[in-house]
Amino acid sequence: MSFTAETRHRHPVFLGTPLDTYGFGLFLLCCLGALPVFWSGLVHLGEAWSRPEYSHGPVIPVLSFYMYLRELKAVPPPTGPVTDRWPGLALIALGLLAAIAGNLVGIPDIVTYGLIVWIGGLVLVGFGWSRGILFWPAVLHLVFMLPLPNMIYWNVTIALQFLSSEIGVWLLRVLQVPVYLEGNVIDLGTYKLQVAEACSGLRYMFPIMSFTYVFAVLYRGPVWHKLVLLFSAVPIAVLMNSFRIGVIGFLVDRKGIEQAEGFLHVFEGWVIFLTCIAILFAMAVLMQRLSGDKRHLGDALDMDFSNLGEQFRRVFTIPASGALIAMTLLTCAISAAWVLAPARASVTPERDSFVLFPMNTGEWRGERTLLDPEVEAFLGADDFLSSNFVSPAAAAPVDFFVAYYHKETDGSYIHSPAACLPAGGWEVFRIDPTRVDLPGTDFGGLTLNRAIIQKGLSKQLVYFWFEGRGRSTANDMVTKFHTVSDSLLRGRRDISVVRLITPIGEEETEAQADERLKNFLTAHIDYLPRFVPE
């Protein structure tokens, strides 16, 4: 049978519209056939949506579907054969390959990106390139339902905590409230407020960005108006969250610590969110007036809900085509291959627990230290060593820390000291990749990050790098790349971060502190392969 022309096998009317059982059946089979290959990404989405900052996630597909139906009114059924469906098949293949790659390396984020690409291909196959491209705003909007990759999430969270704290403290000082900021801890004297992860503002930023995107799509005005609205979402969310932190600090100073807890805290959050939306509406009205547009804002928004039911019924009239058959066969074949393929063996290298790490080496004497339970949970490491070493020949101690992860790609993420140190109140004065020579060791030397951090008059020297699978790297992005490639080629996903800190005394030079850390590394680095296997 030839499918150069679309063939319809219509059955009785369904929901008031003739149903193309053949085309809709192929579409439904394709969607069901895609479930196995995208399943890990869907589970990942469900887990992410249970977190407060991503709780808006389930609304995003609904809004995207509304935008799709809205655009569908401007795309009438074809009057002849559609011949430009095949570019969509290439996009389908790309999305499936991305999902397979994400499953192989254990990174569900990649699977979810592949899902959106696959959906875009689905639209192009269904409508053809020339008509399907009109639906790109609805497909692109699905990006807002995805959680940020952990590497980006933690860096953004820590940066926003610090920025919100700074602006909130500035507001408190304007209000004549005595306050001192140390990292993300606001000291009011009687009370101390910690600007925790939940107060970073991400739970406002993501839904506000999504709302602003939809608002800009529906807004009937100049393109520059839309761009201003889009680019205003993030600074408005940050500033209003900082205002919220300042208000909480003011109320705590005047009324007591209960103002920062319970219902009032949640209520303040909702007030800030609605205020952000009101500011966006006010900006749109202001830009209208400045450009001479006298319409009410409601008239400037394309909020026509008429005939959406009729457009929804068109989903059931998908015509059969050669591209649709090819899409269904390709999706089902790749999913079947993924399900039937033998499970890839994940290599678990033998290693010693950090409990066995030597505490006495030469003149160095070490003592294990405990982490705060919240810090340990935040760290998420499978094994770690936190210790303090002293030596009679050393003018100051060395804080030695190693965190080990069995499978860094399974959602866990190494928290780089470059991002975490500022949260403790330390200002990163300087950080540079540096080559350190370690003569007489098996390593011989390595390239690591050398940082000078300062809090008040106190200064410290920090060394840190990422170690694992026989590689020592200073850059976390390069480390992530090697982890993904080794997962694919070697079945290895283990990785660790190594960090050393020593104070720089008032009468001491940086060179002397460098020498102390080099001496410590020379004495201890050859132990690492026992605990961080090559």
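Scroll up for the structure.
Predicted model only: the values in this text are computed from it and were never measured.

**Concerning the packing of aromatic side chains**
Next, step 1: Under the counting rule described, the total for this entry stands at 22 aromatic pairs.
Next, step 2: For the ring pair F24 and F27, a centre distance of 6.2 Å and an interplane angle of 35° mean the geometry is tilted. Here the residue F24 and the residue F27 both occupy positions in helix α1 (residues 21-49), the gap between them amounting to 3 residues, near one helical turn. Each member of the pair, F24 as well as F27, carries the same accessibility label: buried.

**Topic: the environment of T275**
Next, step 1: Along the chain, T275 falls in helix α10 (residues 262-290).
Next, step 2: Residue T275 is classed as partly exposed on the basis of its relative accessible area, which comes to 28%.
Next, step 3: Along the primary structure T275 and I236 are separated by 39 residues, whereas in three dimensions their C-alpha atoms are 9.6 Å apart.

**Points about the pairing of strand β12 (residues 458-468)**
Every regular strand shows the same layout, with side chains that alternate between the two sheet faces.
Next, step 1: Counting buried positions over the 11 residues of β12 gives 9, a clear majority of the element.
Next, step 2: One ladder, built from 7 bridges, connects strand β11 (residues 444-455) with β12; its direction is antiparallel. Following the sheet pairing, Q454 is matched in β12 by K459.
Next, step 3: Where β12 and strand β14 (residues 495-503) come together, 8 bridges link them in antiparallel fashion. Across the sheet, residue Q460 finds its bridge partner in β14, namely P503.
Next, step 4: Sheet analysis places β12 next to strand β13 (residues 471-473), joined by 3 bridges and oriented antiparallel. Bridge pairing in β13 links G468 to R471.
Next, step 5: Counting the residues between successive antiparallel strands, the hairpin from β12 to β13 contains 2 residues, one of them, R469, with a positive phi of roughly 55°.

Cut-offs and rules
- Residues numbered from 1 in each chain as written.
- Predicted model: local features only at pLDDT ≥ 70, side-chain atom pairs only at ≥ 80, totals over all residues.
- Heavy atoms only, no water.
- Phe/Tyr/Trp six-rings, centres within 6.5 Å; stacked < 30°, edge-to-face > 60°.
- Helix = DSSP H or I, 4+ residues; strand = E, 2+ residues; numbered from the N terminus.
- Buried < 20%, exposed > 50% of the residue type's maximum accessible area, 1.4 Å probe, protein only.
- Pairing = 2+ DSSP bridges.

Keep in mind these numbers describe shape, not what the thing actually does.
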